[in-house]
Amino acid sequence: MLSIYEKLSQKVDVWRAEGAEMLKNNGNFKVSDVTVSQIYGGMRGVISLLCDTSEVPNDKGLIIRGTPLKELTQKSPEEIFYLLLTGDLPNQEELEEFSSHIRNNKEVPGYVWDVLRALPADTHPMVMLDTAILCMQRESVFAKKYDEGMKKNDYWKYTLEDAFNLIGRLPGIAAGIYRMRFNKGDLIAPVADMDLTGDYVHMIGMEDAPKGFYELMKLFLVLHSDHEAGNVSALTTVVVNSALSDLYYSVSAGLNGLAGPLHGLANQECIKWIVDTVDKFNGTPTKEQISDYVTETLKSGKVIPGYGHAVLRIVDPRFEAFLEFGKKYCSENPIFQTVVQTFEVVPDILKQIEKIKDPWPNVDAGSGALLYHYGFKELSYYTVLFALSRVLGLSAQAVVNRAKLKPITRPKSVPYSWLVEKVKSSS
Ligand code: CMX
């Protein structure tokens with residue numbers, strides 16, 4: 001059996017040879033044109049990044065290393081991280097060796113808790129998470145080795161070492177934030193040989209939660225793990241990491257983007273909207289009532305959270321996976337029933353609004369109701385869970401990018417006057 005470092009070393013040689021060959025033979029091959037609307041429209045659809053960990057075709061949804069998400073929902077986050085990194089699922093021996101790197105890094109340094117305790121009591125949990133990650137930068141092995149003059153060829157190894165440190169510690173940090181921020185009692189220490197999901201459930205103090213909670217957490221950590229490189233959190237991480245800012249700097253930066261309401265915070269916004277609907281109508285609302293509330297929300301200038309996507313043009317398979325889970329474990333719950341009813345109502349309304357390109361639910365439309373069912377009612381915490389999972393993809397992308405010797409990211413910007421001249425001169 002090869003260790004993860006040996007396995008990746010072999011892959012890295014192949015990836016570099018492939019990249020060199022591609023550049024040598026096709027360096028000037030034109031892949032896409034960019035229109036003025038794309039420049040104005042947040043670079044939507046501009047193909048300009050290479051990302052092998054996952055792809056998101058608009059008619060299929062998330063595919064991780066060539067395998068559609070639907071075939072991966074029973075896997076553990078450790079297996080998914082291995083797959084994201086290497087392109088293969090691990091066998092039992094490989095998984096054991098790989099997981100040991102995560103397990104050996106569970107201990108959260110005391111100064112992290114001191115920093116978090118010093119923050120104002122009403123600090124958003126995402127600020128706590130990003131601050132905790134950033135303050136551990138002093139421990140980056142990559143930064144230390146860089147100072148010592150490591151070779152470019154080795155960047156990926158120390159990025160991976162930082163990734164193991166970060167991913168090993170994050171369940172404890174995320175659990176600690178939950179207990180601290182919402183007055184749930186003392187911090188709970190990790191258990192040395194527990195898997196990532198089990199230890200997280202243990203450390204938030206929910207080991208006695210009703211049947212299905214462990215499975216939900218495992219599913220949650222798998223479904224949010226990666227979504228190619230163009231989304232706000234991934235792109236930010238890619239850009240910051242390309243400056244050779246280590247993983248602590250880059251992941252913390254990326255997660256600040258995840259904290260926006262149009263991105264990861266949508267799970268918090270969505271469950272708020274669903275709970276408000278149930279409160280307003282004293283129980284599971286009828287379809288007519290939901291329809292009225294959707295109209296009211298749109299009229300007030302707000303978006304319907306959990307619906308629409310910058311890339312997808314179908315029901316997000318991640319939403320479908322959550323829906324399936326909910327039907328199995330909490331079909332009688334009024335909050336979950338409202339999610340189901342909303343799904344039956346909202347797409348038809350959004351389809352009538354011409355400017356909306358995707359009327360379908362995304363991952364954030366269903367996740368919150370399931371957490372809520374298990375008594376996890378601290379809504380502002382939900383994006384932390386998204387982050388706990390997304391760090392797998394952000395880290396894997398960084399390791400692969402360093403393995404492929406990618407240079408610093410530096411697209412070109414132009415002023416308005418340049419556009420005017422360009423358009424004029426071509427007419
Ligand atoms: N409700 C109301 N209006 C919506 C909408 C929704 N759910 N989805 C899109 N629109 C609007 C946009 O706000 C935009 O309006 P303006 O032109 O007036 O600004 C217009 O329709 C066109 O948008 P689009 O091209 O269809 O979608 P974008 O690529 O610009 O945006 C997204 C994508 C996700 C930001 C948008 O659909 C949205 O705001 N959805 C609600 C928030 C949400 O669920 N975000 C989570 C996405 C998944 C994730 O990253 O976690």
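Quick note: structure is the one above.
Now for a description of the structure that goes with this document. Just so it is clear, the structure is predicted and the values come from calculations on it, not from any experiment. (Residues numbered from 1 in each chain as written. Predicted model: local features only at pLDDT ≥ 70, side-chain atom pairs only at ≥ 80, totals over all residues. Heavy atoms only, no water.)

Some words on the overall build of the chain
Next up, step 1: Of the regular secondary structure elements, the chain holds 19 helices and 3 strands.
Next up, step 2: Relative to the compact-globule value of 22 Å for 427 residues, the chain shows a C-alpha radius of gyration of 22 Å, a close match.
Next up, step 3: In terms of overall dimensions, the chain has C-alpha extents of about 65 × 65 × 40 Å along its principal axes.
Next up, step 4: With 427 residues in all, the chain has 51% of them scored as buried. (Helix = DSSP H or I, 4+ residues; strand = E, 2+ residues; numbered from the N terminus. Rg over C-alpha atoms; globule rule 2.2 N^0.38 Å. Buried < 20%, exposed > 50% of the residue type's maximum accessible area, 1.4 Å probe, protein only.)

A short note on the site of the ligand
Next up, step 1: Taken together, 19 residues form the shell around the ligand, and within it His263, Gly306, Tyr307, Lys357 and Asp364 come nearest.
Next up, step 2: One of the backbone N or O atoms of Leu262 is found 2.9 Å from a nitrogen atom in the ligand.
Next up, step 3: Between the ligand and Gly306 there is a distance of 2.7 Å, counted from an oxygen atom to a backbone nitrogen or oxygen.
Next up, step 4: Here the ligand, which alone exposes 890 Å², has 76% of that area covered by the protein.
Next up, step 5: Partitioned by chemical class, the residues of the shell around the ligand number 10 nonpolar, 5 polar and 4 charged. (Near = heavy atom within 4 Å. Polar contact = N/O pair within 3.5 Å; in protein donor to acceptor, adjacent residues only side chain to side chain. Areas by Shrake-Rupley, 256 points an atom, 1.4 Å probe, with all protein chains shown as cover. Nonpolar A, V, L, I, M, F, W, Y, C, P; charged D, E, K, R; others polar.)

Here's the deal with the nonpolar core
Next up, step 1: Core analysis: the biggest nonpolar cluster contains 111 residues, and Phe81, Leu129, Tyr200, Leu255, Phe376 and Tyr381 have the highest contact counts within it.
Next up, step 2: A per-element tally of this core places helix α18 (residues 382-403) first, with 14 residues.
Next up, step 3: Other than its neighbours up to four places away in sequence, Phe376 contacts Tyr178, Tyr200, Ile204, Met206, Phe213, Met217, Leu371, Tyr381, Tyr382 and Leu385.
Next up, step 4: Counting 5 residues, the second largest nonpolar core, distinct from the first, contains Val141, Phe142, Met150 and Tyr158. (Core = buried A, V, L, I, M, F, W, Y, C linked by side-chain atoms within 4.5 Å. Contact = heavy atoms within 4.5 Å.)

Quick look at the packing of aromatic side chains
Next up, step 1: This model, assessed by the stated rule, comprises 20 aromatic pairs.
Next up, step 2: Plain terms: the ring middles of Tyr146 and Tyr155 are 6.2 Å apart, the flat faces sit at 50° to each other, and that makes the pair tilted.
Next up, step 3: On the basis of relative accessible area, Tyr146 is assigned to the partly exposed category, the value being 42%.
Next up, step 4: Judged by relative accessible area, which is 10%, Tyr155 ranks as buried. (Phe/Tyr/Trp six-rings, centres within 6.5 Å; stacked < 30°, edge-to-face > 60°.)

Thoughts on a nonpolar patch on the surface
Next up, step 1: A cluster of nonpolar side chains, contributed by Val34, Val36, Ile39, Tyr40, Tyr416, Val420 and Val423, occupies part of the molecular surface with about 670 Å² of accessible area.
Next up, step 2: Mapped onto the nonpolar patch, the elements with two or more residues apiece are α2 (36-40) and α19 (416-426).
Next up, step 3: Positionally, Tyr40 belongs in helix α2.
Next up, step 4: On the accessibility criterion, Tyr40 (58% relative accessible area) is exposed. (Patch = residues over 30% accessible without salt bridge, like charges linked within 9 Å, V, L, I, M, F, W, Y side chains within 5 Å. Salt bridge = Lys/Arg side-chain N within 4 Å of Asp/Glu carboxyl O.)

Some remarks on the sheet that holds strand β3 (residues 67-68)
Next up, step 1: Read from one edge of the open sheet, 3 strands run β1-β2-β3, paired in antiparallel fashion. Two strands lie at the open edges of the sheet, namely β1 (54-55) and β3, each paired on one side alone.
Next up, step 2: With 2 bridges joining them, strand β2 (residues 63-64) and β3 adopt antiparallel strand pairing. Bridged to Ile64 within β3 is Thr67. (Pairing = 2+ DSSP bridges.)

Describing helix α6 (residues 125-135)
Next up, step 1: Within the sequence span of α6, burial applies to Pro125, Met126, Met128, Leu129, Asp130, Ala132 and Ile133.
Next up, step 2: Considering only its buried residues, α6 is in contact with α5 (110-117), α8 (155-181), α12 (247-258) and α18.

What to know about empty space enclosed by the protein
Next up, step 1: Scanning the entire structure with this criterion turns up 3 cavities of 30 Å³ or more.
Next up, step 2: Volume-wise, the largest cavity comes out at about 70 Å³.
Next up, step 3: Of all the secondary structure elements, the ones that give two or more residues to the lining of the largest cavity are α4 (92-103), α8 and α9 (196-204).
Next up, step 4: There is about 50 Å³ of room inside the second largest cavity.
Next up, step 5: Partitioned by chemical class, the residues of the lining of the second largest cavity number 3 nonpolar, 3 polar and 3 charged. (1 Å grid on protein atoms, 1.4 Å probe; cavity = no way out; pocket = protein on both sides within 12 Å on 5 of 7 lines; lining within 4 Å. Points joined across faces, edges and corners; volume = space filled by probe spheres on them.)

Description of the side chain of Arg65
Next up, step 1: Within the secondary structure, Arg65 is located in the loop between β2 and β3.
Next up, step 2: A distance of 3.4 Å separates the side chain of Arg65 from the backbone oxygen of Leu83, its partner in a polar contact.
Next up, step 3: Engagement of the side chain of Arg65 in a polar contact is seen with the backbone oxygen of Leu85, the distance being 3.1 Å.
Next up, step 4: For Arg65, the contacting residues outside a window of four places in its chain are Trp15, Asp52, Thr53, Ser54, Leu83, Leu84, Leu85, Thr86, Gly87 and Val400.

Some points on the packing of helix α3 (residues 77-86) against α4
Next up, step 1: The interhelical angle for the contact between α3 and α4, taken along N-to-C directions, is 100°, at an axis separation of 10 Å. Relative to α4, the element α3 lies roughly perpendicular. Contact residues: α3 offers Glu78, Glu79, Phe81, Tyr82 and Leu85, while α4 offers Glu94, Leu95, Phe98, Ser99 and Ile102.
Next up, step 2: Taken together, the residues of the contact of α3 with α4 break down into 6 nonpolar, 1 polar and 3 charged. (Axes fitted to C-alpha atoms, helices over the stretch in contact; angles between N-to-C directions. Parallel < 35°, antiparallel > 145°, perpendicular 65-115°, else oblique.)

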